[in-house]
There are 2 protein chains.
Amino acid sequence: MAPAKRKKTSEKLKVVLDTSLFVNPDVRTSLGTTPTEALETFLFLAAQIHILEFYMPPSIFEELLHFVERDKIPADLLLILHQKPPKKHELKTPAFLLYELIEDIRERVNKGLRIAEKAVRSTEGKKADEIIQDMRRKYRDALREGIIDSKEDVDLLLLAMELDALLITADQGLIKWAEKLGVRWLFPEKFKEYLMSAIKRTELLSAKN
Amino acid sequence: MAPAKRKKTSEKLKVVLDTSLFVNPDVRTSLGTTPTEALETFLFLAAQIHILEFYMPPSIFEELLHFVERDKIPADLLLILHQKPPKKHELKTPAFLLYELIEDIRERVNKGLRIAEKAVRSTEGKKADEIIQDMRRKYRDALREGIIDSKEDVDLLLLAMELDALLITADQGLIKWAEKLGVRWLFPEKFKEYLMSAIKRTELLSAKN
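Residues numbered from 1 in each chain as written. Chains lettered and ligands numbered in written order. Predicted model: local features only at pLDDT ≥ 70, side-chain atom pairs only at ≥ 80, totals over all residues. Heavy atoms only, no water.

### Looking at the overall build of chain A
Moving on, step 1. Scanning chain A for helices and strands turns up 10 helices and 6 strands.
Moving on, step 2. Expressed as a percentage of its 209 residues, the buried residues of chain A come to 49%.
Moving on, step 3. Sequence separation of 24 or more characterises 73% of the internal contacts of chain A that already satisfy a separation of 6 or more.
Moving on, step 4. Approximately 11,500 Å² of chain A is accessible, and the part contributed by carbon and sulfur atoms is 52%. (Helix = DSSP H or I, 4+ residues; strand = E, 2+ residues; numbered from the N terminus. Buried < 20%, exposed > 50% of the residue type's maximum accessible area, 1.4 Å probe, protein only. Contact = heavy atoms within 4.5 Å. Areas by Shrake-Rupley, 256 points an atom, 1.4 Å probe, with all protein chains shown as cover.)

Written out as structure tokens, the structure is:
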């Protein structure tokens, strides 16, 4: 395989980060035990990397701030993690995506209906409130699973497309769509390893100059 | 306003037709009392028009054949109404559509859940089957309304985009999306009038030559 084409060799590779890297406990562990710690570790490592540029859509950045203790996060964050929304009125996506989205929605809507039907059938001798609570959970799970279901998800995907960036996320739905759109992505559990390698490469390159 | 640009003045304007023109009773009336009659009238008129080219995606054509008495339809149909699927793997759509679709889905999913909750609460002293039947109808209506909810809808939109054609449909959801995509569309109740004008124009042009 030929290496990915980039406009200039001096141009830094862009990396788009999702909140899930800092928030999802399965993925975060290598960086820290809390979202705050994970973000601090990332900033500490990223400050030593000169060959990559890190990006996050503002919508995702806002999400991230909900999960961390803001007063503990160094102001470096604003410099190291560039916040940029995608150019959503200029970008274009392949039309076949519409078919896939619609197929996906159809299946989910039918699933939701089956869940609702089961709930109605199970009401005998039970309290409506309990059934509804259970149904809500199942319904939301069924209709969320696998789909890109939020504007934040679309922001991430489109920003990665626009910047020809590497997308790093622990969200399987997003990875599925990155595959469809030809957006590069990294196994999220390799995130720290990736950062460590980038530090080494940075040191190597500065030693040469 | 400047007139719509076309590549050659000799090139015929393309028109993409939806089944709803022949099937929807509110729109069909000027053409015939049954879908078969409406389609026959259309073919009779269209045969006299040399300045337009009529198109239909095969998926929509198949739909149409379900509604008409096939043995009554003249074979002209195949010549006059071109069947062409859109180039779905070449066409691109603006990225902001993804945001709108996702917002739309979110609203609908929440509506569906509220309908299901009401159904569960209403079960006291009633038969589950009755409630479910009622719920199904409401649920489907809520989750369908306004959205482009089928592959056939997408076929119509994309084909009109690809051909830079005039889309004629009675489906309000499709008209909404035509507006978003800059696809020209005609008020469906003007369909017959439009055909009549095209016949007059055709006669005028042949008299000149």
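### Observations regarding the environment of Lys192 of chain B
Moving on, step 1. Mapped onto the fold, Lys192 of chain B is located in helix 10 (residues 191–208).
Moving on, step 2. For the pair Lys192 of chain B and Leu31 of chain B, spaced 161 residues apart in sequence, the C-alpha to C-alpha distance is 6.9 Å.

### Concerning the interface of chain A and chain B
Moving on, step 1. Tallying the contact residues gives 41 residues for chain A and 41 residues for chain B.
Moving on, step 2. Carbon and sulfur atoms make up 71% of the surface buried where chain A meets chain B, a total of about 4,200 Å² over both sides.
Moving on, step 3. Of all residues in chain A, Leu98, Tyr99 and Val120 of chain A give up the largest surface area on contact with chain B, accounting jointly for 17% of the area buried on that side.
Moving on, step 4. Taken together, chain A and chain B are joined by 4 salt bridges.
Moving on, step 5. The partner of Glu103 of chain B in a salt bridge is Lys151 of chain A, and the shortest N-O contact between them spans 3.9 Å.
Moving on, step 6. Where chain A meets chain B, there are 11 residue pairs in polar contact (both at pLDDT 80 or more).
Moving on, step 7. Elements with a minimum of two residues in the side of chain A that touches chain B: strand 4 (92–94), helix 6 (96–121), helix 7 (128–144) and helix 8 (151–163) of chain A. (Buried area = accessible area lost by both parts, 1.4 Å probe. Salt bridge = Lys/Arg side-chain N within 4 Å of Asp/Glu carboxyl O. Polar contact = N/O pair within 3.5 Å; in protein donor to acceptor, adjacent residues only side chain to side chain.)

### Some remarks on the relation of the copies chain A and chain B
Moving on, step 1. Superposing chain A onto chain B requires a rotation of 180 degrees together with a translation of 0.0 Å along the rotation axis, leaving an RMSD of 0.1 Å. The two molecules are tied by a two-fold rotation axis, judged by turn and shift.
Moving on, step 2. Here 100% of the interface residues in chain A have copies in chain B that are interface residues too; the copies meet face to matching face. (Least-squares fit on C-alpha atoms with pLDDT ≥ 70 in both.)

### Observations concerning the packing of aromatic side chains
Moving on, step 1. Taken as a whole, this structure holds 11 aromatic pairs over all chains when the rule is applied.
Moving on, step 2. Here the aromatic cluster, defined as three or more aromatic residues joined through ring pairs, consists of Phe22, Phe42, Phe54 and Phe191 of chain A.
Moving on, step 3. One Lys or Arg, Lys180 of chain A, reaches over the ring of Trp177 of chain A and ends 5.3 Å from the middle of that ring.
Moving on, step 4. Across the ring face of Tyr99 of chain A, the terminal group of Lys88 of chain B is positioned such that the distance to the ring centre comes to 5.3 Å. (Phe/Tyr/Trp six-rings, centres within 6.5 Å; stacked < 30°, edge-to-face > 60°. Lys NZ or Arg CZ within 6 Å of the ring centre and 35° of its normal.)

### Re the domain arrangement of chain A
Residues and elements named next belong to chain A.
Moving on, step 1. For chain A, the assigned domains are domain 1 (13–90 + 151–208) and domain 2 (95–144).
Moving on, step 2. The straight-line distance from the C-alpha centre of domain 1 to that of domain 2 is 33 Å.
Moving on, step 3. Counting residues at the interface gives 4 residues for domain 1 and 5 residues for domain 2.
Moving on, step 4. Here domain 1 meets domain 2 over a buried area of about 370 Å², counting both sides, of which 70% is carbon and sulfur.
Moving on, step 5. Sorting the residues of domain 1 by area buried against domain 2 places Trp177, Lys180 and Leu181 first, and these three jointly supply 90% of that buried surface.
Moving on, step 6. At the junction of domain 1 and domain 2, the tally comes to 1 salt bridge.
Moving on, step 7. Glu100 serves as the salt-bridge partner of Lys180, at 2.4 Å between the closest nitrogen and oxygen.
Moving on, step 8. Grouping the amino acids of the side of domain 1 that touches domain 2 by side-chain chemistry returns 2 nonpolar, no polar and 2 charged. (Domains from an automatic or database assignment. Nonpolar A, V, L, I, M, F, W, Y, C, P; charged D, E, K, R; others polar.)

### Some details on the sheet that holds strand 5 (residues 166–168) of chain B
Within a sheet, neighbouring strands are paired by backbone hydrogen bonds and run either parallel or antiparallel to one another.
Residues and elements named next belong to chain B.
Moving on, step 1. Read from one edge of the open sheet, 5 strands run 3-2-1-5-6, paired in parallel fashion. Of all strands in the sheet, those with a lone pairing partner are strand 3 (81–83) and strand 6 (185–186), marking the two edges.
Moving on, step 2. Two strands pair when backbone bridges link them, and strand 2 (residues 52–56) and strand 3 are joined in this way by 3 bridges, in the parallel orientation. Across the sheet, residue Phe54 finds its bridge partner in strand 3, namely Leu81.
Moving on, step 3. Packing of helix 8 (residues 151–163) onto the sheet brings it into contact with strand 1 (13–17), strand 2 and strand 5, and relative to strand 1 it is tilted by some 180 degrees. (Pairing = 2+ DSSP bridges. Axes fitted to C-alpha atoms, helices over the stretch in contact; angles between N-to-C directions.)

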